[in-house]
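One letter stands for each residue in the lines below.
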Amino acid sequence: MTPDTLARAAADKPTPRLNDADTIATEIVEKLTYSIGKTTTAARLHDWLEATTLVVRDRIIDNWFGTTIHTYQQQQKRVCYLSMEFLIGRLLRDAISNLGLTDPIREALARYDVELDLVELLEPDAALGNGGLGRLAACFMESMATTGVPGFGYGIRYVHGFFRQEIVDGQQVELPETWLKHGNPWEFERRESSYEIGFGGKVTTIEEGGRQRQVWRPAERVLAVAYDTPVVGWHGTHVNTLRLWSAQSLDPILLDAFNAGDHIGALLEANKAEAITRVLYPADSHQAGQELRLRQEYFFSSASLQDIIRRHLAQYPDLSNLSDKVAVQLNDTHPAVSVAELMRLLVDVHGIEWDTAWETTRGVFSYTNHTLLPEALETWPIHLFERLLPRQMQIIYAINAGVLREATQGQTFDDETIRGISLIDEGNGRRVRMGQLAFVGSHAVNGVSALHTDLMKVTVFRDLHKLYPTRIENKTNGVTPRRWLFESNPGLTRLAEEAIGRGFKDDITQLSQLDPFAEDAAFRERFAGVKRQNKQRLATLIEERLAISVNPDAIFDIQVKRIHEYKRQLLNILETVALYEQIRSLPHLDWTPRVKIFAGKAAPSYAQAKEIIHLAGDVARVINSDPGVRDLLKVVFIPNYNVSLAEIIMPAADVSEQISTAGLEASGTGNMKFALNGALTIGTLDGANVEMLEHLGEENIFIFGLKADEVAKLRAEGHSGQGVIERQPLLRSAIDSISAGVFSQDDPNRYAGLMGALRDRDWWMIAADFRAYWDTQRQLDMAWRDRARWDAIAVRNTARMGWFSSDRSIREYAHDIWRAGPNA
Ligand code: 26V
């Protein structure tokens with residue numbers, strides 16, 4: 001944009017639209033007629049969805065242009081959030097709610113006997129992510145818009161997002177997901193914003209004006225085409241952009257080959273190019289190491305950086321002030337190759353001197369680590385890297401040389417420390433360590449909870465932390481209260497408004513004004529009434545989808561998240577089996593009725609996680625069909641957990657299971673969503689549970705089990721489960737029953753491996769923590785019997801969770817790391 005076009009754009013600004021039901025009804029019918037080509041009588045529900053979306057979209061676009069012009073005119077610093085994943089979910093309800101249009105749109109549609117809630121349900125989830133990391137990116141995008149940070153999300157427009165999960169004969173089956181089937185009204189293709197991305201080929205050195213320059217001649221090139229989606233913040237005034245890249249071939253068809261009769265061969269190149277953005281890798285814990293994954297990472301990193309540089313040069317004369325005007329956040333190491341790519345663009349393409357370029361690069365980037373699990377830390381074999389990205393590999397060697405020079409000069413580090421600092425892992429067949437690359441190329445490196453950040457300093461980044469002792473800082477995660485309270489729990493939101501007014505909707509920390517209402521019996525009753533309704537809604541969903549009837553007056557005890565050994569769904573299942581056996585043996589005792597609810601997906605190649613799903617289903621079938629347990633215990637595994645299902649589940653929980661092996665859950669964000677909606681947490685001292693304990697007070701959260709340092713110590717001592725199991729009759733009996741095939745009579749040995757691992761290494765400390773977990777569950781039973789106490793704790797949870805808003809996280813990033821935003 002030139003200053004001239006900018007002034008024109010500002011002058012051409014459309015007049016604000018009216019938002020009353022009449023106007024909106026007229027506009028919806030207009031869209032139905034002229035954009036969709038349907039009359040109101042012929043329109044199907046899907047047409048109403050499209051028409052409504054277009055009406056909402058018009059209002060967003062007005063503000064979108066306004067935001068863009070403002071950022072440009074004020075020469076504000078832009079924040080670019082590079083993430084391989086954005087787990088967005090549905091957008092319509094979020095947009096309507098943030099724009100404050102819920103009532104008029106509901107009324108406008110009702111005039112045609114169309115129900116807004118049913119229309120919203122037809123929108124497919126945008127599931128461009130695996131779990132916590134991708135959902136955090138989506139919450140952060142919304143919070144950047146809300147807090148007025150000029151934010152640009154950069155990612156990949158996968159044709160197929162996260163797979164759809166079905167359970168067939170008790171086992172997970174993965175089916176392709178096709179969210180773009182009916183088109184996507186939220187996105188705008190920007191053909192003019194396309195960039196060439198190279199792979200392979202050779203690097204040659206040329207002499208130019210007495211200086212040597214490296215020129216990379218890639219063997220392959222593909223085109224990255226931008227698709228933009230507006231991201232609306234609270235009140236809708238500030239609208240940011242999510243720019244997702246789609247891969248296209250430069251030559252859609254090789255005509256020579258086609259004309260020679262090779263019709264398949266003529267398309268091969270196009271297919272190979274388009275494969276890059278075809279599907280999201282459905283793994284979040286084991287490094288797959290496939291070439292296509294590295295191609296995806298480089299593809300979106302390079303496209304985003306080229307775009308960032310082009311935008312910058314459209315506004316400023318050169319790149320000398322790049323780090324004053326752009327901050328780039330690397331969401332985990334997936335975009336870490338960006339460090340080498342920006343150096344290449346600055347040095348090779350824009351002729352900037354190495355040291356200056358390095359200073360700019362470190363000024364621009366910052367990096368967030370989201371996991372300490374060794375198997376999830378990204379490394380790439382050098383030979384693969386070199387073949388695919390030869391120039392970037394040279395640059396990584398050069399960066400490494402500089403860092404190692406720094407390390408060997410000043411202080412005297414021993415050889416082991418130097419090996420830990422190096423970007424090259426020499427131990428496992430020579431690999432590039434993406435964490436080290438991201439770390440050295442950034443001015444700030446953060447963990448996602450206080451505990452996780454402390455652990456980073458003594459584990460993965462112990463050695464780099466010695467060399468750069470001020471670089472690591474903490475930024476505890478948060479969740480957006482718009483989606484996770486206002487939209488998903490309108491009942492609770494209304495109740496809070498009646499009690500404390502509307503202030504909390506603009507400043508969520510004001511929820512703390514609810515605290516005294518924990519003592520108010522009438523309020524508690526209304527709070528419990530809202531919970532009861534939300535539970536009823538979930539009970540209906542369970543009945544409809546699974547034909548299992550659950551009692552909404554029982555404790556809804558819920559564990560929903562990715563299935564992973566460290567998250568210990570198995571601990572929960574073992575406690576369920578032990579409880580079942582106790583209820584059967586002692587039926588006369590006054591048991592507290594519970595419904596155990598599970599949901600989550602396993603990575604397709606993660607055998608143990610899939611066995612855990614199978615076991616949950618087997619246990620559910622046996623318990624649910626045992627007349628002896630009556631309504632005292634039910635077990636439910638809800639298939640295909642996704643953002644939209646989470647929006648129904650979070651408000652309906654009494655108990656939130658956050659029971660990871662301490663030290664392994666970086667933060668958790670489900671823990672925050674549940675507590676914000678008034679669920680009581682049973683959890684280990686792990687991730688953000690630690691800070692939840694601080695904010696909630698120890699009477700309002702149920703913490704149990706080994707702490708991170710105790711886990712580390714036990715592991716170092718070679719802990720095995722056998723001894724503990726012998727001393728715990730409840731646990732032993734549960735394991736014996738599962739091992740004997742009580743829950744898998746068609747295949748009695750099905751769980752021999754899973755149970756054997758508990759007796760052996762018990763790596764995830766499930767046996768070790770069982771007793772503490774069982775006892776704490778029984779404390780929850782006791783608390784449930786004192787309804788005044790339970791409800792008071794629930795109210796205090798909602799009242800004290802305001803700090804865990806992603807607005808707070810974003811303000812901290814903006815102030816401490818990006819130095820950007822409305823107050824920068
Ligand atoms: C790792 C890998 C490894 C290679 C294969 C593909 C792949 C994809 C994703 C990841 C990173 C997963 C890390 C992750 O999701 N961490 C979660 O981040 C949440 C947000 O910070 C946090 O709340 C969770 O505790 C943490 O597990």
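These lines cover the structure that appears in this document, whether it is placed above or below. (Residues numbered from 1 in each chain as written. Predicted model: local features only at pLDDT ≥ 70, side-chain atom pairs only at ≥ 80, totals over all residues. Heavy atoms only, no water.)

Glancing now at the site of the ligand. Of all residues adjacent to the ligand, which total 19 residues, the nearest are Ala283, His370, Asn477, Glu665 and Gly668. Separating an oxygen atom of the ligand from a side-chain N or O atom of Asn477 is a distance of 2.8 Å. At a separation of 2.8 Å, an oxygen atom of the ligand approaches a polar backbone atom of Gly668. Burial of the ligand by the surrounding chains reaches 95%, relative to a free accessible area of 590 Å². Top element by residues in the shell around the ligand is helix H7 (residues 132-147). It accounts for 3 residues. Within the shell around the ligand, the residues separate by chemical class into 7 nonpolar, 9 polar and 3 charged. (Near = heavy atom within 4 Å. Polar contact = N/O pair within 3.5 Å; in protein donor to acceptor, adjacent residues only side chain to side chain. Areas by Shrake-Rupley, 256 points an atom, 1.4 Å probe, with all protein chains shown as cover. Helix = DSSP H or I, 4+ residues; strand = E, 2+ residues; numbered from the N terminus. Nonpolar A, V, L, I, M, F, W, Y, C, P; charged D, E, K, R; others polar.)

Formed by 266 residues in total, the largest nonpolar core has its most connected members in Leu538 and Leu574. For Leu538, the contacting residues outside a window of four places in its chain are Phe556, Ile558, Ile597, Ile638, Ile648, Ile649 and Ala652. (Core = buried A, V, L, I, M, F, W, Y, C linked by side-chain atoms within 4.5 Å. Buried < 20%, exposed > 50% of the residue type's maximum accessible area, 1.4 Å probe, protein only. Contact = heavy atoms within 4.5 Å.)

Bringing the layout of surface pockets into the picture now. Taken as a whole, the second largest pocket encloses approximately 890 Å³ of empty space. Taken together, 44 residues make up the lining of the second largest pocket; nearest its centre are Leu372, Pro374, Leu377, Thr459 and Val460. Mapped by element, the contributors of at least two residues to the lining of the second largest pocket are helix H16 (415-421), strand E15 (424-425), helix H17 (434-440), helix H18 (450-458), helix H19 (462-467) and helix H29 (708-716). Per-element accounting of the lining of the second largest pocket gives the leading share, 5 residues, to H29. Residues belonging to the lining of the second largest pocket are distributed by class as follows: 21 nonpolar, 11 polar and 12 charged. (1 Å grid on protein atoms, 1.4 Å probe; cavity = no way out; pocket = protein on both sides within 12 Å on 5 of 7 lines; lining within 4 Å. Points joined across faces, edges and corners; volume = space filled by probe spheres on them.)

Another point: the sheet that holds strand E22 (residues 655-658). The sheet built from 6 strands is open, its strands ordered E21-E20-E19-E22-E23-E24 with parallel pairing. With partners counted over all chains shown, the strands left at the sheet margins are strand E21 (633-637) and strand E24 (702-703), one partner each. Of the strand pairs in this sheet, strand E23 (residues 680-683) and E24 are connected by 2 bridges, and their pairing is parallel. Across the sheet, residue Ile682 finds its bridge partner in E24, namely Phe702. (Pairing = 2+ DSSP bridges.)

So, about empty space enclosed by the protein. By the definition in use, this model includes 7 cavities of 30 Å³ or more. Its boundaries defined by the atoms lining it, the largest cavity holds a volume of some 220 Å³. If you trace the largest cavity, you find 18 residues lining it, with Ile88, Leu91, Asp94, Val231 and Arg483 closest to the centre. Of all the secondary-structure elements, those providing two or more residues to the lining of the largest cavity are strand E2 (86-89), helix H4 (92-99), H7 and strand E10 (220-232). For the lining of the largest cavity, the per-class residue count stands at 12 nonpolar, 2 polar and 4 charged.

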